[in-house]
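# Inside the fold
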Amino acid sequence: MNSSNADGTIVTTADIGTLALSAVTSFGRRHKVISFSYLYGLTSLILLLLLGSGTKLTIDQQRQYNRIMSTIDLQAEYSAASRYHNAYNNYYQSKGWFSCDAHCNHYKSIMNQRKHEWDEIKAEGNARMSDAKSVAGLFSEVGVNEVQDSFWEYFQSGKQFAKRQSMWDAMFMGMRSMGRDENMMEYLFKMLIQVLINFSMGLLMALVIFIFGLWNIIQTYQPNPLTGLFFFVTAACAAFAFVSTYLFAIYGAAAGGVYGVVKMAEGNMRIENGRGGRGGGVRIGAGQRRMPQQNGWNRPHYQ
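First things first, this report covers the structure right here in the doc.

Procedures and definitions
- Residues numbered from 1 in each chain as written.
- Predicted model: local features only at pLDDT ≥ 70, side-chain atom pairs only at ≥ 80, totals over all residues.
- Heavy atoms only, no water.
- Helix = DSSP H or I, 4+ residues; strand = E, 2+ residues; numbered from the N terminus.
- Buried < 20%, exposed > 50% of the residue type's maximum accessible area, 1.4 Å probe, protein only.
- Contact = heavy atoms within 4.5 Å.
- Areas by Shrake-Rupley, 256 points an atom, 1.4 Å probe, with all protein chains shown as cover.
- Patch = residues over 30% accessible without salt bridge, like charges linked within 9 Å, V, L, I, M, F, W, Y side chains within 5 Å.
- Salt bridge = Lys/Arg side-chain N within 4 Å of Asp/Glu carboxyl O.
- Core = buried A, V, L, I, M, F, W, Y, C linked by side-chain atoms within 4.5 Å.
- Disulfide = S-S within 2.5 Å.
- Phe/Tyr/Trp six-rings, centres within 6.5 Å; stacked < 30°, edge-to-face > 60°.
- Lys NZ or Arg CZ within 6 Å of the ring centre and 35° of its normal.
- Expected span 1.5 Å × (residues − 1).
- Polar contact = N/O pair within 3.5 Å; in protein donor to acceptor, adjacent residues only side chain to side chain.

All right, on to the overall build of the protein then. A count of helical and extended segments in the protein gives eight helices and four strands. Buried positions account for 25% of the 303 residues belonging to the protein. If you take every contact in the protein between residues at least 6 apart in sequence, the share linking residues at least 24 apart comes to 71%. A total accessible area of about 21,000 Å² is found for the protein, and carbon and sulfur atoms account for 62% of it.

So this is what it looks like as structure tokens:
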């Protein structure tokens, strides 16, 4: 597949691929840290797919992990949460718009006490859960699966944000296009650009939020500092590589679609021009120019 510029230069698909490869190579040389992070993360993803998600727990680890997890009193936490919400409702119903009398302060003190009790029970449960996670280990299937679940949760949230935003953009951009009398191709091209922007924003925000929350997950496994830092860098680079590859795939699909539509339009224009150039005519003599046929062209003026 090829095309020609205004100066007649033929541009082939191979030339476009070579230009893209040259741009990627130049970017990699200028931004070595980003390139290394991407390649390291991509390698980590490949190893994760080949080796599986974390190391298996031994029988002793599984038994000890289950024993510690069973000591967490979930019913006590649910009861404390219910008491706090009841106290909050009483406080909310007793307070005024801008004031809180003695009756309101009484319910407020009860609410604060119930909140303190709930926080203590949650802290105790989180501490026991952290002890159980330390038995499993950060690189175990428990730790790796928890990090994966956290990443997929934020990733799906980013895609949902992009879809909702694109839906609203399609509606408002459609109304603006009707007011400006824009054709369908202009509207679709603008909408494509907006969709790419929305997905970029949603997935990049999801990546940043995931990385900020990643260290909190690591701390719950109580690793040594070097192990925790290594896991953090590896998981962050893997998430960065996955999001980048996903966006590159979207950009490539969009660019390929636009290129295909342009080539189809060029082909249709050539067909139309070819049909227009093959109009009827008559040759009136050897060495003479071709003249178009017209009704009554050979007739004398008096007919």
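Residues M167, W168, M171, F172 and M175 make up a contiguous nonpolar surface patch of about 530 Å² in total accessible area. Along the chain, M175 falls in helix 6 (residues 141-180). A residue is classified by how much of its surface remains accessible, and M175, at 44% relative accessible area, is partly exposed.

Counting 24 residues, the largest nonpolar core has V142, V147, F151, F210, L214, F231 and V243 as its most contacted members. When contributions to this core are tallied by element, the ones reaching two or more residues are helix 3 (59-69), helix 5 (102-136), helix 6, helix 7 (184-219) and helix 8 (225-277). Looking at this core, the element that brings in the most residues is helix 7, giving six residues. When near neighbours in sequence (up to four residues on either side) are disregarded, F210 contacts V147, S150, F151, Y154, A235 and A239. Listed in part, the eight residues of the second largest apolar core include A81, A87, Y91 and M111.

All right, on to the state of the cysteines then. Tallying each qualifying case throughout the model produces one disulfide. Each disulfide pairs two cysteine sulfurs, and for C100 the partner residue is C104, the sulfurs being separated by 1.9 Å. Judged by the sign of its S-S torsion, about -100 degrees, the bond between C100 and C104 is left-handed. Relative accessible area serves as the criterion here: at 29%, C100 is assigned to the partly exposed category.

When the charged atoms of two side chains lie near each other, side chains of opposite charge can form a pair. According to the stated counting rule, one finds seven salt bridges in the structure shown. With a closest N to O distance of 3.1 Å, R63 and D60 form a salt bridge. Linking R63 with D60, this pair stays in helix 3, spanning three residues, or about one helical turn. For the pair R63 and D60, a shared accessibility class is recorded, and that class is exposed. A salt bridge links R128 to E124; its shortest N-O distance comes to 2.8 Å. Within this pair, R128 and its partner E124 are both found in helix 5, separated by four residues, close to a single helical turn. Linked by salt bridges that have partners in common, K115, D119 and K122 make up one network.

This next bit is on the packing of aromatic side chains. Following the criterion strictly, the structure yields 17 aromatic pairs and no others. Ring centres of Y88 and Y92 lie 6.3 Å apart, and the angle between their planes is 25 degrees; on these two criteria the pair is classed as stacked. Within this pair, Y88 and its partner Y92 are both found in helix 4 (residues 74-94), separated by four residues, close to a single helical turn. Note on F151 and F210: the rings are 5.4 Å apart at their centroids and 75 degrees apart in plane angle, and the pair reads as edge-to-face. Highlighted residues: F151 in helix 6 and F210 in helix 7, separated in sequence by 59 residues. F151 sits in the buried class, given a relative accessible area of 11%. A relative accessible area of 2% means that F210 is categorised as buried. These aromatic residues form a ring-pair network of at least three members: F151, W152, F155, F210, F242 and Y246. Above the face of the W118 ring, K122 is positioned so that its terminal group lies 4.2 Å from the ring centre.

Attention now goes to helix 5. In this model, helix 5 (35 residues) spans 51 Å end to end at C-alpha, consistent with the 51 Å of a helix rising 1.5 Å per residue. Where helix 5 is concerned, the buried positions are C104, M111, W118, G125, S130, A132, K133, V135 and A136. Once helix 5 ends, the next one or two residues include G137, with phi positive near 100 degrees.

When the terminal C-alpha atoms of helix 4 are compared, their 31 Å separation across 21 residues agrees well with the 30 Å that a helix rising 1.5 Å per residue should span. As for helix 4, its buried residues are in contact with helix 5. For helix 4, the capping residue at the N-terminal end is D73, with a side-chain oxygen 3.4 Å from the backbone nitrogen of Q75.

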